[in-house]
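# Structural overview
Given next are the chains, with one letter for each unit.
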There are 2 protein chains.
Amino acid sequence: MQAAAGMEPDLPARAIRAAGLKVTAPRLAVLEMLRGAPHSSAEDIFAGIRSALPGTSTQAVYGILSAFAAAGLVRRFDPPGSPTRFECRVGDNHHHIVCVRCRAVRDVDCVVGQAPCLQPSDDSGFVVFAAEVTFNGLCKTCQEQAAHTEV
Amino acid sequence: MQAAAGMEPDLPARAIRAAGLKVTAPRLAVLEMLRGAPHSSAEDIFAGIRSALPGTSTQAVYGILSAFAAAGLVRRFDPPGSPTRFECRVGDNHHHIVCVRCRAVRDVDCVVGQAPCLQPSDDSGFVVFAAEVTFNGLCKTCQEQAAHTEV
DNA sequence: GCGGTTGTTTTGACTAATTCAAAACAACTG
DNA sequence: CAGTTGTTTTGAATTAGTCAAAACAACCGC
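This write-up is about the structure you can find in this document. From a predicted model like this one, the values you see are computed outputs, not experimental measurements. (Residues numbered from 1 in each chain as written. Chains lettered and ligands numbered in written order. Predicted model: local features only at pLDDT ≥ 70, side-chain atom pairs only at ≥ 80, totals over all residues. Heavy atoms only, no water.)

### Quick notes on the protein's contact with DNA strand D
The condition that has to hold: Note on definitions. A residue lies near a molecule or strand when any single heavy atom of the residue is within 4 Å of it. Polar contact is defined as a pair of N or O atoms within 3.5 Å, subject to the rule that within protein one atom must be able to donate a hydrogen and the other to accept it, and that residues adjacent in sequence are counted only when both atoms are side-chain atoms.
In the vicinity of DNA strand D, 18 residues are found, and the nearest of them are A:Lys22, A:Thr24, A:Arg27, A:Ala60 and B:Thr84. Considering the 4 Å shell around the protein, atoms of DNA strand D inside it are sugar or phosphate in 71% of instances. Here B:Tyr62 contributes a side-chain N or O atom positioned 3.0 Å from a phosphate oxygen of DNA strand D. Here a phosphate oxygen of DNA strand D sits 2.9 Å away from a polar atom, N or O, in the side chain of B:Thr84.

This is the structure we're talking about:
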């Protein structure tokens, strides 16, 4: 499993190894899939890789995603009302817009600078690591469909 | 079911009726419980009221909470990794700190003003209704316990 | 106050999402 | 190339929440 040319540093494999994890076919498939389809759920990913890797199970996917998340390779995101999603955009403090109708997710760069997102006014003794900002809204498609439905 | 004195306007019952819902014993119990114990899960609430109202079921609680949420009487909140919580503080745009260790939840008033919380820089066609800000951190108790555990 | 209508709750079953555990297996080290 | 250790498979179980139909009770109008 070498890169085809010297120009291809085989990023995914390197990233996995750099995280202290062993490089395996299912792990590569999951990471590859996630690069092409961010905000996928475990089930989505399983569906996406099962044709290339028959014999893979959802449990394997869950295990891989847990390992990736623990290693900081992927970020989890729990939209209200739908299963946990995963994405490889990590390290930047970006946020999400969720369509309340079709559950589509879109990335949003940090609202204003980053300070206000990370500094609660009264932390009541808590040590704060990170802030998750989730915007609830309606995507373009659902706006149109909703307009047709109700007046 | 009248208020004992003129001084007691029986707030919970009024709130429920004002929302266009019928006033029932389980609904009063749920609202009462939620006033005393915000950020309770459906299961928590069921456990809290079952002694006073034997014969109540989790399904009843789920139904009541859905009705309340739809009517704007309560607000839902989905902390990552734990079941949906409910609270009666509605209308004010407040946020939450979640302890990643024990899942405790604390209210936080809106970070700075409210404008930055509601205005994504690029909405890519989305209409945004609201922003949920969730701070992840460690509560005081868990900070101490974590300190004992790992140096 | 009483009865009917309509909304609520109960009862019971069911699904989706995720986790746990043990055995089979494969990647990396030396 | 063999051993060690981490990974994946297999299979089952659990948690959180939903759906539907029947029993029931609050509220409106008389």
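### Here we look at the protein's contact with DNA strand C
Just so we agree on the cut-off: For helices the rule is a DSSP run of H or I covering at least 4 residues; for strands it is a run of E covering at least 2, with both sets numbered from the N terminus onward. Residue polarity follows a fixed list, in which Ala, Val, Leu, Ile, Met, Phe, Trp, Tyr, Cys and Pro are nonpolar, Asp, Glu, Lys and Arg are charged, and the others, Gly among them, are polar.
In the vicinity of DNA strand C lie 18 residues, with A:Tyr62, A:Thr84, B:Thr24, B:Arg27 and B:Ala60 positioned nearest. Near the protein, meaning within 4 Å, the atoms of DNA strand C are sugar or phosphate in a fraction of 70%, with bases accounting for the rest. A distance of 2.9 Å is found between a phosphate oxygen of DNA strand C and a side-chain nitrogen or oxygen belonging to A:Thr84. A distance of 2.8 Å separates a sugar or linking oxygen of DNA strand C from a polar atom in the side chain of B:Arg27. When contributions to the surface near DNA strand C are tallied by element, the ones reaching two or more residues are helix H4 (58-71) of chain A together with helix H2 (25-36) and helix H4 (58-71) of chain B. The biggest single contributor to the surface near DNA strand C is H4(B), with three residues. Looking at the surface near DNA strand C, its residues break down into seven nonpolar, seven polar and four charged.

### Things to note about unusual backbone geometry
All names here are of chain A. Under the convention used in this document: Between buried and exposed lies partly exposed: a residue is buried under 20% and exposed over 50% of the maximum accessible area for its type, with that area taken using a 1.4 Å probe on protein chains only.
Phi angles above zero are rare outside glycine, and His39 is one such case at about 65 degrees. Within the element layout of this structure, His39 appears in the loop between helix H2 (25-36) and strand E1 (40-41). Looking at His39, the relative accessible area reads 10%, which means it is buried. The residue Arg103 is not glycine, and still its phi comes out positive at about 70 degrees. With respect to the secondary-structure elements, Arg103 resides in the loop between strand E4 (95-99) and strand E5 (105-108). Exposure remark for Arg103: the relative accessible area of 30% places this residue in the partly exposed category.

### Re the side chain of A:His96
All names here are of chain A. The following threshold applies: By definition in these notes, contact holds between two residues if any of their heavy atoms fall within 4.5 Å.
Within the secondary structure, His96 is located in strand E4. Under the relative-accessibility criterion, His96 is labelled buried at 0%. Engagement of the side chain of His96 in a polar contact is seen with the side chain of His94, the distance being 3.4 Å. The residues contacting His96, other than those within four sequence positions of it, are His39, Arg75, Phe77, Glu87, Val105, Arg106, Asp107, Val108, Val133, Thr134 and Phe135.

### Looking at the sheet that holds strand E3 (residues 85-87) of chain A
Residue and element names in this part refer to chain A. The test is simple: Here, strands pair whenever DSSP counts at least two bridges between them.
Taking strand neighbours across the sheet as the criterion, the three strands line up as E1-E3-E2 in an open arrangement whose pairing is antiparallel. Edge positions in the sheet fall to E1 and strand E2 (75-77), since each of these pairs with one other strand and no more. Pairing of E2 with E3, which is carried by three bridges, proceeds in the antiparallel orientation. Following the sheet pairing, Phe77 is matched in E3 by Arg85.

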